[in-house]
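Next come the chains, spelled out residue by residue.
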Amino acid sequence: MSGRVCASILQRASSYSLTLSSTAAVQYTQTLCTHSFQPRPAHRCHLSSWGNSRSDQLCFTSKESGNWSQSGQLHLSTRQDLDFQLSRVQINSILRSNEQTVSVPEFDGRGLSAVRKFESNQLAANTPNEDRRSAATCLQSKGMLFGVFDGHGGWACAQAVSERLLYYIAVAMMSKQSLEELEKCMEHGRPVPPILQWHKHHADFNYRESASLYIDHLRVFWQELLDSEEHGAGMIPLDALDRAFKRLDTDISLEAQVPLANDLMKSTAIQVAFAGCTACVAHVGTDGIHVANAGDCRAVLGVLEEDGSWSALPLSQDHNSQNQAEMERIKAQHPPSERDTVVTDDRLLGILMPLRAFGDVRFKWSLELQQSILASLESGVDLDSLNLYQYTPPNYLSPPYLDVAPDITYHKLRPQDRFLILGTDGLWDELGNEEAVRLIGEHLSGIHLQAPVSPSERQMKLGQMHELLLKRRARASPALDTNAATHLIRHALGTGEYGELCQERLASMLALPEDLARMYRDDITATVVYLNSDLVRPQHS
């Protein structure tokens, strides 16, 4: 860490919800410098002003207890020492608090399942967490749906999309006969047959105040499908994913523009539309995997090669400035005079890093519409409380600049395809595809393959050979977590110089005060889907 960054941290310490003495602040800055942590570059536009203290995640050791002020701030005297290192028990408690493991029946009464089980976990950097995840079994069609959603400008859009998108996909895949049954039940007030079997973590929640609105608009969607002469047996997954992404984004936009039943519902709709989120959703069926991606979440397939090694097969592409094809697509949608301003500093209009997303109407609506909608809010509504701010992106000349049209990839399942990793970009910021697949593959098999010592390695000096041995020993270390997603997150944040798990590094990363955490890491969500390779294993007579 540079001296300038260290000085900046000291300067900001007085504004943190945890108020440090000068001695404690210096100790913490030195801890970060010692571990050579580099602050993350500013990731997206930050419209959120959330801030609830989570000081219970910090471990304090002192000669005297600190004094808590009425505002909830802990003030430490210069005689007190502040220990930012967490114990192993505390580390495990933090890492495992959101983990989930779900086993899937091999036969569900309608056919064999392509999924054996899945494991998922989340670790927040923002307060509250802006990531969301979803998993559900389709009950009126075949297959399972998994999604990860990375919110920005707050969590509102990611929350809404995580609740709604899988319903839109499932409805689009339903047959006309099944949709007719849904409509008859709605018309006559009878219970509606379940569309999805959700697999939720106990901490997940829904927008209860908006449930009726969401159902009404889902119903309008299936009514339009019923009116289509081409619907018949239902859409194939590829078409259903594309239609669902676009339709839900349209509904999010419209809901923010029309009168709604009450102020709470209206403010929620506007929050959802002005915030944004990226999304990566996989439909896993016996015929294969379809992945729909909009933004910079990612899906990677873990493949077991014949020699016992693991390889990674990406099933999505990041929509950001590193994707040259995506850059050309964006620029082609605007006049040549804007070619140098559409993406600046690797961000859309210099602000937004992902180049496709739900919501984010500031990059889609005309300025007149934006001003009209915000002006229509009741005069007593505090825009800051809704995470809404009056600003105009620079060079906003020919909207829309953003859409949610997903790239969709199909992969036919093979016997060697063992698992699928879905992760928000907080995971991929820390781990490459191959490293993530290796970690899960070795966690799954318990076998840590080591390449033979090469001729060049035999010529190493003693210090270099010692370093090689440390790296090999690190790879052979036993896993600390039964949940593979937790295993990924632990290694993403705690891997040291030689690939070993560094307890001090992990403890320091998890103990970062909330105002600092987002500078060094992002929210992380990971879901690992284990595939039923027996379905596609060749049968020998």
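Let me sum up the structure you'll find in this document. As the structure is a prediction and not an experimental result, all values here were calculated from the model.

**Notes on the overall build of the protein chain**
Here is step 1 of the chain: The secondary structure content of the protein chain amounts to 17 helices and 17 strands.
Here is step 2 of the chain: Per-residue burial over the protein chain gives 52% buried out of 541 residues.
Here is step 3 of the chain: Taking contacts inside the protein chain between residues at least 6 apart in sequence as the whole, the part at least 24 apart equals 75%.
Here is step 4 of the chain: When the accessible surface of the protein chain is summed, it comes to about 24400 Å², and 51% of that surface belongs to carbon and sulfur atoms.

**Notes on the packing of helix 15 (residues 484-494) against helix 16 (residues 503-510)**
Here is step 1 of the chain: At their nearest, the axes of helix 15 and helix 16 sit 8 Å apart, and the two run at 95 degrees to each other. One way to sum up the angle between helix 15 and helix 16 is to call them roughly perpendicular. The segment helix 15 lies against helix 16, with Arg490, Leu493 and Gly494 engaging Arg505, Leu506, Met509 and Leu510.
Here is step 2 of the chain: Its residues assigned to classes, the contact of helix 15 with helix 16 comprises 4 nonpolar, 1 polar and 2 charged.

**Focus on the packing of helix 12 (residues 433-445) against helix 15**
Here is step 1 of the chain: Helix 15 packs onto helix 12 with a crossing angle of 135 degrees between their chain directions and a minimal axis gap of 10 Å. With respect to helix 15, the axis of helix 12 lies oblique. With respect to the hand of their crossing, helix 12 and helix 15 are arranged in right-handed fashion. Contacts from Ala436, Leu439, Ile440 and His443 of helix 12 reach helix 15 at Ala484, His487, Leu488 and His491.
Here is step 2 of the chain: Of the residues that constitute the contact of helix 12 with helix 15, the class distribution is 5 nonpolar, 3 polar and no charged.

**Overview of the nonpolar core**
Here is step 1 of the chain: Grouped together as the largest cluster of nonpolar side chains are 60 residues, with contacts concentrated most on Leu165 and Phe358.
Here is step 2 of the chain: Residue contributions to this core peak at 13 residues, all from helix 4 (residues 156-173).
Here is step 3 of the chain: Counting residues in each nonpolar core, the second largest holds 36 residues, with Ile421, Ile440, Leu506 and Leu516 among its members.

**Quick word on the side chain of Asp522**
Here is step 1 of the chain: With respect to the element layout, Asp522 can be found in the loop between helix 17 (514-520) and strand 17 (524-531).
Here is step 2 of the chain: Assessed through its relative accessible area of 2%, Asp522 is described here as buried.
Here is step 3 of the chain: Of note is the side chain of Asp522, whose polar atom sits 3.4 Å from the side chain of Arg518.

**So, the packing of aromatic side chains**
Where two aromatic rings form a pair, the distance of their centres and the angle of their planes describe that pair.
Here is step 1 of the chain: All told, the structure shown has 9 aromatic pairs when counted by the stated rule.
Here is step 2 of the chain: For the pair Trp155 and Tyr207, a centre-to-centre distance of 5.9 Å together with 25 degrees between the ring planes defines the contact as stacked. One end of the pair, Trp155, is in the loop between strand 6 (144-152) and helix 4; the other, Tyr207, is in the loop between strand 7 (196-198) and helix 6 (211-227), and 52 residues separate them in sequence. Judged on exposure class, the residue Trp155 and its partner Tyr207 are both buried.
Here is step 3 of the chain: Ring geometry for Trp310 and Phe419: centres 5.4 Å apart, planes at 40 degrees, overall tilted.

**So, the pairing of strand 6**
Here is step 1 of the chain: Burial runs high along strand 6: 9 of the 9 residues are buried.
Here is step 2 of the chain: In strand 6, alternate side chains face the same way, and those of Met144, Phe146, Val148, Asp150 and His152 on one face and Leu145, Gly147, Phe149 and Gly151 on the other are all buried.
Here is step 3 of the chain: Here strand 5 (residues 131-138) runs beside strand 6; their pairing, made up of 7 bridges, is antiparallel. Each residue of the ladder has a partner; that of Ser134, found in strand 6, is Gly147.
Here is step 4 of the chain: Connecting the antiparallel pair strand 5 and strand 6 is a turn made up of 5 residues, with Gly143 showing a positive phi of about 100 degrees.
Here is step 5 of the chain: Pairing of strand 6 with strand 8 (residues 276-285), which is carried by 9 bridges, proceeds in the antiparallel orientation. Within strand 8, the residue paired with Asp150 across the bridge is Thr278.

**Side note on the pattern of salt bridges**
Here is step 1 of the chain: Inspection of every chain in the model, using the stated rule, returns 20 salt bridges.
Here is step 2 of the chain: Its salt-bridge partner being Asp481, residue Arg96 comes within 2.9 Å of it at the nearest N-O pair. Of this pair, Arg96 sits in helix 3 (residues 88-96) while Asp481 is found in the loop between helix 14 (462-475) and helix 15, placing the two residues 385 residues apart along the sequence.
Here is step 3 of the chain: Taking the relative accessible area as the measure of exposure, Arg96 reaches 30% and is therefore partly exposed.
Here is step 4 of the chain: You can call Asp481 buried: its relative accessible area is 4%.

**Digging into the sheet that holds strand 10 (residues 298-304)**
Here is step 1 of the chain: One open sheet holds the 6 strands; their spatial order is 3-4-17-16-10-11, and the pairing between them is antiparallel. Lying at the two open borders of the sheet, with one neighbouring strand each, are strand 3 (100-103) and strand 11 (310-314). Between one strand axis and the next, the sheet turns through 20 degrees on average, direction left out of account.
Here is step 2 of the chain: Two strands pair when backbone bridges link them, and strand 3 and strand 4 (residues 115-123) are joined in this way by 4 bridges, in the antiparallel orientation. If you follow Val102 over to strand 4, its bridge partner there is Phe118.

**Overview of the pairing of strand 16 (residues 417-423)**
Here is step 1 of the chain: With 6 of its 7 residues buried, strand 16 lies for the most part within the structure.
Here is step 2 of the chain: In this structure, strand 10 lies alongside strand 16, joined through 6 bridges in antiparallel fashion. If you follow Gly302 over to strand 16, its bridge partner there is Phe419.
Here is step 3 of the chain: Where strand 16 meets strand 17, 5 bridges bridge the pair, whose relative direction is antiparallel. Residue pairing across strands places Leu420 opposite Val529, the latter belonging to strand 17.

**What to know about the environment of Glu305**
Here is step 1 of the chain: Structurally, Glu305 is set in the loop between strand 10 and strand 11.
Here is step 2 of the chain: We classify Glu305 as partly exposed; its relative accessible area is 34%.
Here is step 3 of the chain: When the C-alpha positions of Glu305 and Asp417 are compared, they lie 9.1 Å apart, and in sequence the two are 112 residues distant.

**Concerning the environment of Arg247**
Here is step 1 of the chain: By secondary structure assignment, the location of Arg247 is in helix 7 (residues 237-255).
Here is step 2 of the chain: On the basis of relative accessible area, Arg247 is assigned to the buried category, the value being 14%.
Here is step 3 of the chain: For the pair formed by Arg247 and Phe221, sequence separation is 26 residues and the distance between their alpha carbons is 8.1 Å.
Here is step 4 of the chain: Not counting residues within four places of it along the chain, the set of residues in contact with Arg247 comprises Tyr168, Val220, Phe221 and Glu224.

Rules of the game
Residues numbered from 1 in each chain as written. Predicted model: local features only at pLDDT ≥ 70, side-chain atom pairs only at ≥ 80, totals over all residues. Heavy atoms only, no water. Helix = DSSP H or I, 4+ residues; strand = E, 2+ residues; numbered from the N terminus. Buried < 20%, exposed > 50% of the residue type's maximum accessible area, 1.4 Å probe, protein only. Contact = heavy atoms within 4.5 Å. Areas by Shrake-Rupley, 256 points an atom, 1.4 Å probe, with all protein chains shown as cover. Axes fitted to C-alpha atoms, helices over the stretch in contact; angles between N-to-C directions. Parallel < 35°, antiparallel > 145°, perpendicular 65-115°, else oblique. Nonpolar A, V, L, I, M, F, W, Y, C, P; charged D, E, K, R; others polar. Left-handed = near helix turned anticlockwise from the far one by under 90°. Core = buried A, V, L, I, M, F, W, Y, C linked by side-chain atoms within 4.5 Å. Polar contact = N/O pair within 3.5 Å; in protein donor to acceptor, adjacent residues only side chain to side chain. Phe/Tyr/Trp six-rings, centres within 6.5 Å; stacked < 30°, edge-to-face > 60°. Pairing = 2+ DSSP bridges. Salt bridge = Lys/Arg side-chain N within 4 Å of Asp/Glu carboxyl O.

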